[in-house]
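Understanding the architecture of this molecule
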Amino acid sequence: MFARVSPLTEYSSSVPSSPETHFTVQRCSQQQAYEYFYEGSVLEGWNPGAQGHDIRDVFYGLDPKGWFYGKLSIPGEPDKVVSIISAVRYGEDQGWIGYYLADPAYRGRGYGMKGFQAALEHLKGCRQIGLDGLMAQVENYKKSGFVHNSWENERRHGSVVDLVETGERQLAQQIRENQSAYRLVRLNEVPVNKMVELEERFTAAMEGDELIGFGCVRQSESSYRLGPLYSTKADAAKEILVKLAVDVVDADKNTDRDKSVPLYFDMDVPISNNAVVEMLDKYGWKNISSSVRMWKGEAPKVDVDGVFAINTLEIG
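The structure reproduced in this document is the subject of the present report. In this text, all values refer to a predicted model and were calculated from it rather than measured experimentally.

1. Describing the overall build of the protein chain
Check the secondary structure of the protein chain and you find nine helices and 13 strands. Expressed as a percentage of its 316 residues, the buried residues of the protein chain come to 50%. If you sum the accessible surface of the protein chain, you get close to 14,800 Å²; carbon and sulfur atoms cover 48% of it.

Right, dumping it as structure tokens:
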């Protein structure tokens, strides 16, 4: 499924599934996380960042000790990576589980669960442990103590070109001419402390010097992933969305972009936020997959009305 591996220091005790096999859960190096998690995400259809740069250059650095793979050793055969999982700690109180995946050929043997247990052990002591569970796995996560739900997510998929040239043509033109209602600036122009303050609530549109929202988009394997998108005002969230669409369309015309990635956005949105659901329904952006944000321990209180797209399903 993933790749051949060389023996590393074991994270947990070996778990033989038969006298002939030997299974261990081990921590990933940065390069291993890049290779195994990127390849696994592509094969599973999870649409990771293009060439896995988000995993290697951003996500891994959030908690280098929280990335694990399961290695199966069978006498006379090359070692095989048969499972992966991440467990990212955000300070002492919160942790996030993602990329929980086992090779289909080796499912049902407990290998994935051993990785899940290693992930929970790494997050031991966290008051809140979250994950975005696919609908088919919700009941299984409940059995592991993830009994508190925040909301249901829908992954909405829509054409960037249609949004700019049809759905919000006038607004897109106003944005290009710097005539829109809000002052839209690059995130590197915003004081970091202001972003941190609003990140805790939800929230780059600006009203005067007040930061009221921000959004990000990145090129992925089969589309552009948009998230997070936070805003205290629905109309500002729409402007940020259209601004990001304008930037993607204009960059496609003016740069030597990888044309193999179609100009579509994928946004993971909480359906509890009626404003974003109504907005994307208007554009005709369809739901292509659903998940539930679940918690083990205390669920955090979030003003979901300001969450127009979550960061990622994988790291929270």
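2. Re the nonpolar core
Residues L241, F265 and M267 are the most contacted members of the largest nonpolar core, which totals 31 residues. Of all the secondary structure elements, the ones that give two or more residues to this core are α5 (160-167), α6 (169-176), β10 (224-231), α8 (234-254), β11 (264-270), α9 (274-283) and β13 (307-309). Element by element, the count of residues in this core is highest for α8, at nine residues. In contact with M267, not counting residues within four places along its chain, are E154, R155, R156, L226, L229, L241, V276, L280, W285, F308 and A309. Counting residues in each nonpolar core, the second largest holds 23 residues, with A87, I97, F116 and C126 among its members.

3. Quick look at the pattern of salt bridges
One pass over the structure, following the stated rule, counts 19 salt bridges. The salt bridge involving E92 is made with R89; its shortest N-O contact spans 3.7 Å. For R176, the salt bridge identified is with D250, shortest N-O distance 2.8 Å. Since its relative accessible area comes to 35%, R176 is described here as partly exposed.

4. Side note on the pairing of strand β4 (residues 94-102)
Counted residue by residue, β4 has seven buried out of nine residues, so it is predominantly covered. Here seven bridges tie strand β3 (residues 80-90) to β4, and the two strands are oriented antiparallel to one another. Its bridge partner being in β4, R89 is matched across the sheet by G95. Following β3, the chain reverses through three residues before pairing antiparallel with β4; G91 in that reversal takes a positive phi of roughly 70°. By the bridge criterion, three bridges tie β4 to strand β5 (residues 128-134) in an arrangement that is parallel. In the sheet register, W96 faces β5, and the bridge partner there is G130. Once the chain exits β4 it traverses helix α3 (residues 111-122) before rejoining the sheet at β5, and the crossover so formed is right-handed.

5. What to know about unusual backbone geometry
G227 connects to P228 through a cis peptide bond whose omega is 0°. Within the element layout of this structure, P228 appears in strand β10. Even without being glycine, Y99 reaches a positive phi, approximately 55°. Relative to the helices and strands, Y99 is located in strand β4. Assessed through its relative accessible area of 4%, Y99 is described here as buried.

6. Things to note about the packing of α5 against α6
Orientation of α5 relative to α6, taken along the N-to-C sense of each, is 90°, at an axis distance of 5 Å. Put simply, α5 runs roughly perpendicular to α6. Together, L163, V164, E165, T166 and G167 of α5 and R169, A172 and R176 of α6 make up the contact between the two elements. The residue makeup of the contact of α5 with α6, split by class, is three nonpolar, two polar and three charged.

Conventions used here
For every chain, the first residue of the written sequence is number 1, and numbering continues from 1 onward in sequence order. This being a predicted model, a pLDDT of at least 70 is required before a residue's local features are given, and a value of 80 or more before pairs of side-chain atoms are given or counted; all residues contribute to the totals for chains, interfaces and linings. Side-chain descriptors were evaluated using all non-hydrogen atoms of the structure, hydrogens and water having been removed beforehand. Only runs of H or I of at least four residues qualify as helices and only runs of E of at least two qualify as strands under DSSP, and these elements are numbered from the N terminus. Think of it in three bands: residues with accessible area under 20% of the maximum for their type are buried, residues over 50% are exposed, and the middle band is partly exposed, with areas taken using a 1.4 Å probe on protein chains only. Accessibility throughout is a Shrake-Rupley quantity obtained with a 1.4 Å probe, and a residue counts as covered only by protein chains that appear here. Side-chain atoms within 4.5 Å link the members of a nonpolar core, which is a set of buried Ala, Val, Leu, Ile, Met, Phe, Trp, Tyr and Cys residues. Only heavy atoms enter the contact rule, under which two residues are in contact if any of them lie within 4.5 Å. Criterion for a salt bridge: a side-chain nitrogen of Lys or Arg within 4 Å of a carboxyl oxygen of Asp or Glu. Only strands joined by at least two bridges in the DSSP assignment are considered to pair. The path from the first strand over the helix to the second decides the hand: if it runs clockwise while the strands point away from the viewer, the crossover is right-handed. What counts as an axis is a line fitted to C-alpha atoms, over the stretch in contact for a helix, and the angles between N-to-C directions run from 0 to 180 degrees. Here is the rule for angles: anything less than 35 degrees is roughly parallel, anything more than 145 is roughly antiparallel, 65 through 115 is roughly perpendicular, and the remaining ranges are oblique. Three classes are used, and their members are as follows: Ala, Val, Leu, Ile, Met, Phe, Trp, Tyr, Cys and Pro are nonpolar, Asp, Glu, Lys and Arg are charged, and the others, Gly among them, are polar.

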